[in-house]
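Listed here are the chains, written in short residue letters.
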Amino acid sequence: MPDHLPRRQVLRTAGALGLGAAAAGALSSTAEASTRAGSATDTTDKLAGMGEHHGKLEIRKDPFGSTPDGQAVDVYTFTNGRVTVSMLTWGATLQRIETPDRRGHTENISLGFDNLPDYAKLSPYFGATIGRYGNRIAKGRFTLDGTTYQIPVNNGENALHGGTVGFDKKVWKAKTVNTGKAIGVAFTYVSPDGEMGFPGELTSTVTYTLDTRDNLRIDYHATVAGKPTIVNLTNHVYFNLLGEGNGSIYDHVAELNAAKYTPVDANLIPTGEIAPVAGTPFDFSKPTAIGARLRGDHQQLVFGRGYDHNFVIAGQPDRDGLRRAGRFWEPEHGRTIEVRTDQPGVQFYSGNFLDGTFAGIGNKAYRQSDAFAFETQHFPDSPNHPNFPSTVLRPGETYKSTTIYTFGTR
């Protein structure tokens, strides 16, 4: 058994008990959580033996805490014996992704917290499933079929990631999935008509599965009842291939399959232009260190404090309907990620707003550019730009999307 598993369970149990966070008192009492969680020794013993053999699919469910209104939050841990993923029913959140480097040393490569209070009060969407609309909507306002809708603004004058209480702050229903070739969890949330100002009752199911070839697959499915709506679901996992809290991503090498991007104004809202990346710091058509041009004086980098832009994915889909969106490589330890999707765009974010004011799972402060996010999506503010791909979903239609993260080494 990898020697990091006991420590991981100790951290999880502390989170389930509401310990280690200034905001702990805002959630359920220690007594409540303790009743659900049991002792740290019991929890560790339950996981003994998980992840010992590559190709063996295993999954566990354990308590993580409860919300102020008494909703239980669980953590699901699933593994193929090489890659281990932990997910919360809070926000259908990717809490941990543990992968080996080229020498076989395993680290958690995603940013997150070890307790529910920090997710509730501090998280900048770490690993969360984002909805009903990922990314920004200008002034939180859009018009659909002649009716104007207002979403609560939470990012300056704009609505970000679904408004003040998006899908990332909801407890999702969960069901384990085991196909024999892949294992994971299907999360479901029903958003009522009018929630955060969005029309229509939206039922979303997002299924996360890990197969024996180290592919983490995300399948999104949504339908709406009563009224048409807009939908743009994504996941906001933050990656650091050195391991979370182990340094910046400046030396990570990125290669993006994008000849164009959507420039933004000073409020990070797309101008409507679809511009070429050639000759700009946004050209990652050849492998380039993320930090190579990050501190340049290009106006778009100034607006975003770095990269916080939507890239337009190029090329034709493969037989599965997917296109490669990007590849990432960390040269020192050799971890790699390849991302494929059927979405038209991807938001590349270089962790510009991490400011070191809180500590993550490893009790290490997360600072600017300590991680990157790569959010497959439709374009930001699409409802207000007729030239962008539509995000409208009508009753009787089905929203479907797939993104695959492939983990490896070189």
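These lines cover the structure that appears in this document, whether it is placed above or below. (Residues numbered from 1 in each chain as written. Predicted model: local features only at pLDDT ≥ 70, side-chain atom pairs only at ≥ 80, totals over all residues. Heavy atoms only, no water.)

### Thoughts on empty space enclosed by the protein
One pass over the structure, following the stated rule, counts six cavities of 30 Å³ or more. Every residue along the wall of the largest cavity is listed here: Trp-90, Thr-93, Tyr-119, Ala-120, Ser-123, Tyr-125, Phe-126, Ala-128, Asp-168 and Lys-169. In the lining of the largest cavity, the residues fall into six nonpolar, two polar and two charged. (1 Å grid on protein atoms, 1.4 Å probe; cavity = no way out; pocket = protein on both sides within 12 Å on 5 of 7 lines; lining within 4 Å. Points joined across faces, edges and corners; volume = space filled by probe spheres on them. Nonpolar A, V, L, I, M, F, W, Y, C, P; charged D, E, K, R; others polar.)

### With respect to the pattern of salt bridges
A side chain with one charge may pair with a side chain of the opposite charge, provided their charged atoms come close. Applying the stated criterion across every chain yields a total of 13 salt bridges. We note a salt bridge from Asp-193 to Lys-227, for which the minimum N-O separation is 3.4 Å. Here Asp-193 is found in the loop between β12 (182-191) and β13 (201-211), whereas its partner Lys-227 is found in the loop between β14 (215-225) and β15 (229-230), with 34 residues between them in sequence. The residue Arg-217 makes a salt bridge to Asp-219 at a minimum N-O spacing of 2.8 Å. Overall, the relative accessible area of 23% leaves Asp-219 in the partly exposed class. Taken together, the shared-partner salt bridges in this structure form one network comprising Glu-255, Arg-327 and Glu-338. (Salt bridge = Lys/Arg side-chain N within 4 Å of Asp/Glu carboxyl O. Helix = DSSP H or I, 4+ residues; strand = E, 2+ residues; numbered from the N terminus. Buried < 20%, exposed > 50% of the residue type's maximum accessible area, 1.4 Å probe, protein only.)

### Considerations on the layout of surface pockets
Its boundaries defined by the atoms lining it, the largest pocket holds a volume of some 540 Å³. Along the walls of the largest pocket sit 27 residues, with Tyr-125, Asn-155, Leu-160, Tyr-349 and Phe-353 positioned nearest its centre. Of the residues contributing to the lining of the largest pocket, the split by class is 10 nonpolar, 11 polar and six charged.

### Observations regarding the packing of aromatic side chains
Evaluated as defined, the whole model comprises 32 aromatic pairs. Between Phe-167 and Trp-172 the ring centres are 5.9 Å apart and the planes differ by 80°, which places this aromatic pair in the edge-to-face class. Both rings, one in Tyr-238 and one in Tyr-349, keep their centres 6.1 Å apart while their planes meet at 80°; by these two values the pair is edge-to-face. Here the residue Tyr-238 occupies a position in strand β17 (residues 238-239), and Tyr-349 occupies one in strand β25 (residues 345-349), the gap between them amounting to 111 residues. A relative accessible area of 7% places Tyr-349 in the buried class. The ring of Phe-284 carries Arg-293 above its face, with NZ or CZ at 5.1 Å from the centroid. (Phe/Tyr/Trp six-rings, centres within 6.5 Å; stacked < 30°, edge-to-face > 60°. Lys NZ or Arg CZ within 6 Å of the ring centre and 35° of its normal.)

### Topic: the sheet that holds β25
Taking strand neighbours across the sheet as the criterion, the six strands line up as β17-β26-β25-β22-β19-β20 in an open arrangement whose pairing is antiparallel. At either margin of the open sheet sits one strand with a lone partner, and together these are β17 and β20 (275-276). Bridge analysis of β17 against strand β26 (residues 372-377) gives two bridges, and the strand direction is antiparallel. Bridge pairing links Phe-239 to Phe-372 in β26. (Pairing = 2+ DSSP bridges.)

### Concerning the environment of Ile-97
Relative to the helices and strands, Ile-97 is located in strand β4 (residues 93-100). Here Ile-97 falls in the buried class, since its relative accessible area comes to 0%. For the pair Ile-97 and Val-237, spaced 140 residues apart in sequence, the C-alpha to C-alpha distance is 9.6 Å. Non-local contacts of Ile-97, meaning those with residues more than four positions away in its chain, are made with Val-83, Thr-84, Glu-107, Asn-108, Ile-109, Ser-110, Leu-216, Val-237, Phe-239 and Phe-407. (Contact = heavy atoms within 4.5 Å.)

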